[in-house]
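So the chains spell out like this:
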Amino acid sequence: MFYISRVTRNKSCDIKAWRKTCTTVAAKNDPEEGIYGKEKLVEPFGQPTPKTHPHLLKVGEVIPGLEMDEFAVRRQNLVNQILRTSTDSQHMVVIPSSQRMYMTEKIPYLFRQNTDFLYFTGCLEPDSALVITATNENNVENSLFLRKRDKHAELWDGPRTGVERATDLFGIENPLPITSLGQFISSFFEKNKQTMLWYDFVGHFNSDVHKVIRNCLDTSTRKSEHIITPVIQR
């Protein structure tokens, strides 16, 4: 429970009058209220939101000028392009975020998000990944893999959105912890032997995600893979 004290005082009031004018407002900080809820104090996310930074973002925007519906349209357009390009029936698209890089053991470089990942999600956090699975235009699932909340790590690296609040912020229906990425991909390959994997093997931005992809490919019997960059740039 957090408390906000509001004080109204002028030069002529005495201490008793001043005490009467003091009001205490209890502000409940409940993550379930959502970023557009009625709470007076908002726990920070992994990036600015309309509630935490109203001077930067309007209600409904994920990043300045772009609402979550715009990113949903972009993801669907990508799927439509892939389905028109390929005759395969099952597809998986993996787009990783950039990875935080360090100039020394504890000093990071300025973070710059992977442009493709930002274009399709609006997410500014590192160590994440977008996975889209599709069999046709009407059977598409979007999964966003993010870091879990960690109070100790957030003291040093800044706040994280976490899995629980990802749908509310990004509008992606299936948020999952990044640690489950390998299991998710392997399980999908096991159930869908003829899956075409779309992934940028040349310009990979995240060595951890790239390692997961390679491990899954080494142990799977799925059909083939394709570099996704040419499709994104069309």
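Attention here is on the structure that accompanies the text. Just so it is clear, the structure is predicted and the values come from calculations on it, not from any experiment.

## Some thoughts on the overall build of the protein
Secondary structure assignment for the protein yields 8 helices and 10 strands. Across the protein, the fraction of contacts at a sequence separation of at least 24, relative to all contacts at a separation of at least 6, is 60%. For the protein, the accessible area works out to roughly 13700 Å², and carbon and sulfur atoms hold 53% of it.

## Some words on the pattern of salt bridges
Applying the stated criterion across every chain yields a total of 5 salt bridges. Salt-bridge contacts for Arg74 lead to Glu70; the nearest nitrogen and oxygen are separated by 2.9 Å. One end of the pair, Arg74, and the other, Glu70, are both in helix 2 (residues 68–85), 4 residues apart, so they sit about a helical turn from each other. Taking relative accessible area as the criterion, Arg74 reaches 15% and is therefore assigned buried. Residues Glu190 and Lys193 are paired through a salt bridge, measuring 3.2 Å at the closest nitrogen-oxygen approach. Taken together, the shared-partner salt bridges in this structure form one network comprising Glu43, Arg149 and Glu154.

## Side note on a nonpolar patch on the surface
Taken together, the side chains of Met101, Met103, Ile107 and Tyr109 present a nonpolar region at the surface, about 430 Å² in accessible area. Along the polypeptide, Ile107 turns up in the loop between strand 5 (90–96) and helix 3 (115–121).

## Section: the packing of aromatic side chains
Two numbers describe a pair of aromatic rings. These are the distance of the centres and the angle of the planes. With the rule as written, the count across this model stands at 3 aromatic pairs. For the ring pair Phe145 and Phe184, a centre distance of 5.3 Å and an interplane angle of 70° mean the geometry is edge-to-face. Of this pair, Phe145 sits in strand 7 (residues 139–146) while Phe184 sits in helix 6 (residues 181–191); the two residues are 39 residues apart in sequence, bridging distant segments of the chain. Take Phe145: its relative accessible area is 0%, and that puts it in the buried class. When the ring of Tyr199 is compared with that of Phe201, the centres are 4.8 Å apart and the planes differ by 90°; the resulting orientation is edge-to-face.

## Here we look at the pairing of strand 9 (residues 195–198)
Alternating residues of strand 9 divide into Thr195 and Leu197 and Met196 and Trp198, and every residue in both groups is buried. Across 4 bridges, the pairing between strand 5 and strand 9 is parallel. What sits directly across from Gln90, in strand 9, is Thr195.

## Notes on helix 2
Between its first and last C-alpha, helix 2 extends 26 Å over 18 residues, near the 26 Å set by a 1.5 Å rise per residue. Listing the buried residues of helix 2 in full gives Phe71, Arg74, Arg75, Leu78, Val79, Asn80, Ile82 and Leu83.

## With respect to unusual backbone geometry
Most peptide bonds adopt trans geometry, and most residues besides glycine take a negative phi value. Backbone geometry places Asp127, a non-glycine residue, at a positive phi of 55°. Topologically, Asp127 is positioned in the loop between helix 3 and strand 6 (129–136).

## Looking at the layout of surface pockets
When its volume is computed, the largest pocket comes out at roughly 200 Å³. A per-class count over the lining of the largest pocket returns 3 nonpolar, no polar and 5 charged.

## Observations concerning the nonpolar core
Core analysis: the largest hydrophobic core is formed by 24 residues, its most contacted members being Leu78, Val93, Ile95, Leu130 and Phe170. Looking at this core, the elements with two or more residues in it are strand 3 (61–63), helix 2, strand 5, helix 3, strand 6, strand 7, helix 5 (166–170) and strand 9. Counting residues per element, this core draws most heavily on helix 2, at 5 residues. Non-local contacts of Phe170, meaning those with residues more than four positions away in its chain, are made with Gln47, Val62, Met68, Arg75, Thr121, Gly122, Cys123, Leu144, Leu146 and Thr161. Among the nonpolar cores identified, the runner-up in size contains 17 residues, and Val131, Phe184, Phe188 and Leu197 belong to it.

Calculation notes
Along every chain, residues carry numbers that run from 1 in the direction the sequence is written. pLDDT decides what is reported in this predicted model: residues at 70 or higher carry local features, side-chain atom pairs at 80 or more are listed and counted, and totals for whole chains, interfaces and linings draw on all residues regardless. Side-chain numbers come from the whole structure's heavy atoms, not from hydrogens or water. Strands are runs of DSSP state E lasting at least two residues, helices are runs of H or I lasting at least four, and both sets are numbered from the N terminus onward. Note on contacts: a residue pair is in contact if any heavy atoms of the two residues lie within 4.5 Å. Computed with a 1.4 Å probe, the accessible areas rest on the Shrake-Rupley method; for each residue, only the protein chains presented here act as cover. Note on definitions: salt bridges are taken to be side-chain nitrogens of Lys or Arg within 4 Å of carboxyl oxygens of Asp or Glu. Only protein chains enter the accessibility calculation, which uses a 1.4 Å probe; a residue is then buried when its area is under 20% of its type maximum, exposed when over 50%, and partly exposed in between. Two joining distances apply to patches: 9 Å for like charges and 5 Å for nonpolar side chains (Val, Leu, Ile, Met, Phe, Trp, Tyr), and every residue must have over 30% relative accessible area and no salt bridge. Two rings from Phe, Tyr or Trp (for Trp, the six-membered ring) form a pair when their centres sit within 6.5 Å of each other. Planes less than 30 degrees apart are called stacked, planes more than 60 degrees apart edge-to-face, and all others tilted. Strand pairing requires that DSSP identify at least two bridges connecting the strands. Helix span, expected: 1.5 Å multiplied by one less than the number of residues in the helix. Think of a 1 Å grid over the protein atoms and nothing else: a 1.4 Å probe that fits but is trapped marks a cavity, an open set flanked by protein within 12 Å on at least five of seven lines marks a pocket, and residues with an atom within 4 Å of a point count as lining. Grid points are joined across faces, edges and corners, and a volume is the space filled by probe spheres set on the points. Side-chain classes are defined by residue name, with Ala, Val, Leu, Ile, Met, Phe, Trp, Tyr, Cys and Pro counting as nonpolar, Asp, Glu, Lys and Arg as charged, and the others, Gly among them, as polar. The set of buried Ala, Val, Leu, Ile, Met, Phe, Trp, Tyr and Cys residues whose side-chain atoms join them within 4.5 Å is what this entry labels a nonpolar core.

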